[in-house]
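Residue-level listing of the chains:
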Amino acid sequence: MKNKHVFWLIGLVLLALTLSGCQQEKTTENTGKTALPLREAVEKALTDKDGLVAYTADDLTDLMGILPEDYTEALFLMGSDSLSGREIIAVRAKDASSLKKITEALNNYLTQRKQETRNYLPDAYKLQTQTKVETRNLTAVLIVGAHSAEETRAFLAGE
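Conventions adopted
Residues numbered from 1 in each chain as written. Predicted model: local features only at pLDDT ≥ 70, side-chain atom pairs only at ≥ 80, totals over all residues. Heavy atoms only, no water. Axes fitted to C-alpha atoms, helices over the stretch in contact; angles between N-to-C directions. Helix = DSSP H or I, 4+ residues; strand = E, 2+ residues; numbered from the N terminus. Parallel < 35°, antiparallel > 145°, perpendicular 65-115°, else oblique. Left-handed = near helix turned anticlockwise from the far one by under 90°. Contact = heavy atoms within 4.5 Å. Nonpolar A, V, L, I, M, F, W, Y, C, P; charged D, E, K, R; others polar. Pairing = 2+ DSSP bridges. Polar contact = N/O pair within 3.5 Å; in protein donor to acceptor, adjacent residues only side chain to side chain. Buried < 20%, exposed > 50% of the residue type's maximum accessible area, 1.4 Å probe, protein only. pLDDT = per-residue confidence, 0-100. Arc of directions from axis to C-beta. Salt bridge = Lys/Arg side-chain N within 4 Å of Asp/Glu carboxyl O.

## Topic: the packing of helix 4 (residues 96-117) against helix 5 (residues 122-129)
- The interhelical angle for the contact between helix 4 and helix 5, taken along N-to-C directions, is 155 degrees, at an axis separation of 8 Å. The angle between helix 4 and helix 5 places the two elements in the roughly antiparallel class. Between helix 4 and helix 5 lies a crossing whose hand is left-handed. Residues Leu 110, Arg 113, Lys 114 and Thr 117 of helix 4 lie in contact with helix 5, whose contacting residues are Pro 122, Ala 124, Tyr 125, Gln 128 and Thr 129.
- Counted by class, the contact of helix 4 with helix 5 contains four nonpolar, three polar and two charged residues.

Rendered as structure tokens:
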């Protein structure tokens, strides 16, 4: 009887060790590198990180409908001169269905921003028309600015 308990105890310990070994570190799919924290990865790609103001998760929900339960990390930055049109929104989704919802929300937000700026802020509108929402793996990003294409490429290269 005692040997049976020892056998089960050893089996449980081995199972626990096996399962703990299956935990996956957050890595990029293709390169095997560990992904940087989102804020650090975004700031590394930006040309003007000092002139940006951070917004909250509540702002993401209120302005775009992106819910905290759909992502693991999110970053919403806007230029300190709110009339410039400078915006950076990066979101790491929890799964593929969440990524789809987030991408749709970002596209809707970009469309809305274009409508708001079209007649009143032509410089911001021009920047917005030159950008698009892009994704890689489970990350969606919208970068509006003079160097948005280069910044988006640089950021997504690390995802």
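The rest of the description comes next.
## Notes on the sheet that holds strand 3 (residues 87-93)
- Read from one edge of the open sheet, five strands run 1-2-3-5-4, paired in antiparallel fashion. Strands at the two margins of the open sheet, each flanked by one partner only, are strand 1 (52-55) and strand 4 (134-136). Averaged over neighbouring strand pairs, the angle between their axes works out to 20 degrees when direction is ignored.
- Sheet topology places strand 4 next to strand 5 (residues 139-144); three bridges connect them, and they run antiparallel.

## Focus on helix 3 (residues 57-64)
- Of the residues flanking the start of helix 3, the one acting as N-cap is Thr 56, its side-chain oxygen 3.3 Å from the backbone nitrogen of Asp 58.
- Immediately beyond the C-terminal end of helix 3, within one or two residues, lies Gly 65, with a positive phi of roughly 80 degrees.

## Here's the deal with the pairing of strand 2 (residues 71-79)
- As paired elements, strand 1 and strand 2 share four bridges and run antiparallel to each other. Opposite Val 53, over in strand 2, you have Met 78 as the bridge partner.
- Taken together, the seven bridges between strand 2 and strand 3 define a ladder with antiparallel strand orientation. Pairing of Tyr 71 across the sheet is with Ala 93, part of strand 3.

## Focus on unusual backbone geometry
- Despite not being glycine, Asn 137 has its phi angle at roughly 55 degrees, a positive value.
- Looking at the element boundaries, Asn 137 is found in the loop between strand 4 and strand 5.

## Thoughts on the environment of Leu 99
- Inspection of the secondary structure puts Leu 99 in helix 4.
- Residue Leu 99 is classed as buried on the basis of its relative accessible area of 12%.
- Ignoring sequence-local partners within four residues, the contact set of Leu 99 consists of Ala 93, Thr 135, Asn 137, Leu 138, Thr 139 and Ala 140.

## A closer look at the confidence of the model for the protein
- On average, residues of the protein score 85 in pLDDT, and 79% of them are at 70 or above.
- In the model, residues 22-32 has pLDDT below 50 throughout and makes 17 contacts with residues more than four positions away in sequence or in other chains.

## Structural notes on helix 6 (residues 148-157)
- Buried within helix 6 are the following residues: Ser 148, Glu 151, Thr 152, Phe 155 and Leu 156. Each buried residue of helix 6 lies within a common arc of 120 degrees when the element is viewed along its axis, so the set occupies one face.

## A closer look at the pattern of salt bridges
- If you walk through the whole model with that rule in mind, you get eight salt bridges.
- Note that Glu 43 is salt-bridged to Arg 39, the shortest N-O span being 3.2 Å. One end of the pair is Glu 43 and the other is Arg 39, both in helix 2 (residues 38-45) and four residues apart, which spans about a single turn.
- Glu 43 gets classed as partly exposed once you look at its relative accessible area, which sits at 24%.
- Close ionic contact of Arg 92 with Glu 159 constitutes a salt bridge, the shortest N to O distance being 2.6 Å. Taken together, the residues span a long stretch of sequence, with Arg 92 in strand 3 and Glu 159 in the segment after helix 6 at a distance of 67 residues.
- Among the residues examined, Arg 92 registers a relative accessible area of 3% and is labelled buried.

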